[in-house]
Amino acid sequence: MHCLRRAFAAVLFAGIYDYTEIGVGIAIFAFIPLCQFRTGHAAVDLFKSTLPDFFNRIINLIIDLGMLALAALIAHRLWLGMLDKQQYGETTLIAQVPVWLGYAACLVGAIGFVLVAAFCVMRSVRGLTKFEHQSGAAA
Amino acid sequence: MTDLSLALWSFPVLLVLVFLRIPIALAMISIGMVGSYLVYGTALPVLNAFKNITYGTFSNYSFSIIPLFLLMGQFATLSGMSASLFRAAESFLGHRRGGVAMSAIGACAGFGAICGSSLATAATMGQVALPELRRYGYPGSLATGALAAGGTLGILIPPSVILVIYALLAEQNIEKLFLAALIPGILAALGYMIAISIWVHFSPNDAMVKDRVPWGERLAALGKVWPVITIFVVVVGGIYIGVFTPTEAAAVGAAGTGLVSVLSGQMNWSRLQQAIISTAITTAMIYLIILGAGFYNSFLALSQLPQTAAAWVGGSGLSPWVVLAVVLLMYLVFGCVMDSLSMVLLTVPIIYPIMSVLDFGMSPQDFGLWFGILVLIVVEVGLITPPVGLNLFIINGMAKDTPISETYKGALPFVVTDLIRVVILTAFPAITLWLVWFIDGFK
């Protein structure tokens, strides 16, 4: 069976492991804003239907504010992490890619997360006021 | 407040946040950071760790198996294999009483071999099998209950996304876990079929039967499912004999399933986009929880809670079996209100270290495999128990004329077979481990 493994390994090139890691990192960072925009986060909405509508809208806003804070923290820390890696000149093990380049590419997604999270906060605020208009009209 | 009591208090706080609908990842990161800050008395260590932990987690090679298996499942739903599997199972079982429902279970099991997600299996097989079940006079309760239960075979039968995550968290061998899951998965399918035959035995008017299909047609129908068999053998077999690492096998499986869906003619540009987008969203969701679990667990480790709890359980004189029973019951209760993935990510890093110090009279490797399969099954039961059973909702949403209470009723016999299976697999670990031992014997 080792010949099969060798045959498969022959199509892989040295350092593919490093490039895969960097590529996955970039991809995951890019997926996060999409997940935030579509509110794809795992949450338990067991009590959502039993709580008053206004309360749920407040929670939406709190969640989005929390996500914005998290996004800002992740982006800022990633930026500092990148500066560290640049300073130490660290490279990946086999392909010798400078690690800070990976961080820099991931910053695109991290900043996207901040922007989308900020948009979501505005979306929740708008949801809050829209509700008040509606209830005012109904009253 | 001591570090230990801080860590103990963090559980109820975490649960309150989670039940207030705060995303699990956000709740875990916040509590992990605040907790570590309180233990250290300064925020610097956490903030410093944060510089590298996000990149480190997101660019981890082993974790990259997750999006690949998710994409494979997405492609599987477009492969047209659900219909072929159902036709093949029906040609063998359709002439028996309750046979159409049994065929749906059999087809779910087959689909589970190329799809590691329970929801995708339930949704895809529901589309194919639900109209047929109603045509043959099955009541809404039995039809939706059987399909919701059948969907859980998607994660029981390898490949399984939940099992992959367990393997990463508990540092277990993915290939051996897949092997260990195979027999319990087949037992699950048999248990569901027995539940159906008992149901139709007591209410025989609930199911009409089809005509017996001649053997030639049966073999022809079986021949149409060759892509499923090929992909399963290449992925699971390839991992086992060492041609691929599990991550490479997942990539090969995703590409192969994608190819089948293109050849079946069901794939088009917008469906491809849809498959990739939903894979991306689920992937991001899982990775954020992994990140959160990292923060939360490093806070727990800092407070020495897992070690203290393990020492306490070890020294308390409690029988390991009692502890195991309590843990499994806890999973069943939580499964009623939480989704399976979050539950595994939340609990395994805490529970596994405690459980692994207990002596069940088996090697650590065997324990890791056996416990993983038990957790997988009890977590999966949560998908078909009210009030929050996602499979029940998905199937019920397709059956417009069936009230959700009927679906709850229809799922009940299947939950009972699940519970019986958990007891049997707990009492006889050899059922789970036998195949692993057997195949290890050849190496």
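Relevant structure appears above.
The notes below deal with the structure included here. (Residues numbered from 1 in each chain as written. Chains lettered and ligands numbered in written order. Predicted model: local features only at pLDDT ≥ 70, side-chain atom pairs only at ≥ 80, totals over all residues. Heavy atoms only, no water.)

Let's talk about the overall build of chain B
Of regular secondary structure, chain B possesses 22 helices and zero strands. The C-alpha atoms of chain B give a radius of gyration of 22 Å, which matches the 22 Å a tight globule of 443 residues would have. Counting only C-alpha atoms, chain B reaches 75 × 50 × 45 Å along its principal axes. Residues classed as buried in chain B amount to 59% of the 443 residues present. Contacts spanning at least 24 positions in sequence make up 81% of the contacts within chain B whose residues lie at least 6 apart. Accessible area of chain B: about 16,600 Å², with a carbon and sulfur share of 71%. Of the side-chain charges in chain B, 17 are positive and 17 negative, and the distance between the mean point of each set is 10 Å. (Helix = DSSP H or I, 4+ residues; strand = E, 2+ residues; numbered from the N terminus. Rg over C-alpha atoms; globule rule 2.2 N^0.38 Å. Buried < 20%, exposed > 50% of the residue type's maximum accessible area, 1.4 Å probe, protein only. Contact = heavy atoms within 4.5 Å. Areas by Shrake-Rupley, 256 points an atom, 1.4 Å probe, with all protein chains shown as cover. Lys, Arg positive; Asp, Glu negative; His and termini not counted. Charge placed at Lys NZ, Arg CZ, Asp CG, Glu CD.)

Some remarks on empty space enclosed by the protein
Per the counting criterion, the structure on display carries two cavities of 30 Å³ or more. Space inside the largest cavity adds up to approximately 50 Å³. Forming the walls of the largest cavity are Gly-335, Met-338, Asp-339, Ser-340, Met-343, Val-379, Gly-382, Leu-383, Val-388 and Leu-390 of chain B. In this structure, the second largest cavity spans a volume of roughly 40 Å³. In this structure, the second largest cavity is lined by Phe-29, Ile-32, Ile-74, Gly-109, Ala-110 and Phe-113 of chain A together with Thr-54, Phe-58 and Leu-288 of chain B. Of all the secondary structure elements, the ones that give two or more residues to the lining of the second largest cavity are helix H2 (16–37) and helix H4 (99–138) of chain A together with helix H3 (44–58) of chain B. The greatest single-element share of the lining of the second largest cavity, amounting to three residues, is contributed by H4 of chain A. (1 Å grid on protein atoms, 1.4 Å probe; cavity = no way out; pocket = protein on both sides within 12 Å on 5 of 7 lines; lining within 4 Å. Points joined across faces, edges and corners; volume = space filled by probe spheres on them.)

Focus on unusual backbone geometry
Omega for the peptide link from Pro-158 of chain B to Pro-159 of chain B comes to -5 degrees, which places this bond in the cis form. The residue Pro-159 of chain B is located in the loop between helix H9 (153–156) and helix H10 (161–170) in this model. A cis amide bond links Pro-386 of chain B to the next residue, Pro-387 of chain B, at an omega of 0 degrees. In this structure, Pro-387 of chain B sits in the loop between helix H19 (364–381) and helix H20 (390–398). Here the phi dihedral of Thr-39 of chain A falls at roughly 40 degrees; this positive angle occurs in a residue that is not glycine. When you line up the elements, Thr-39 of chain A lands in the loop between H2 and helix H3 (53–88). For Thr-39 of chain A, a relative accessible area of 55% translates into the label exposed. In this structure, Gln-96 of chain A takes a positive phi of about 60 degrees despite not being glycine.

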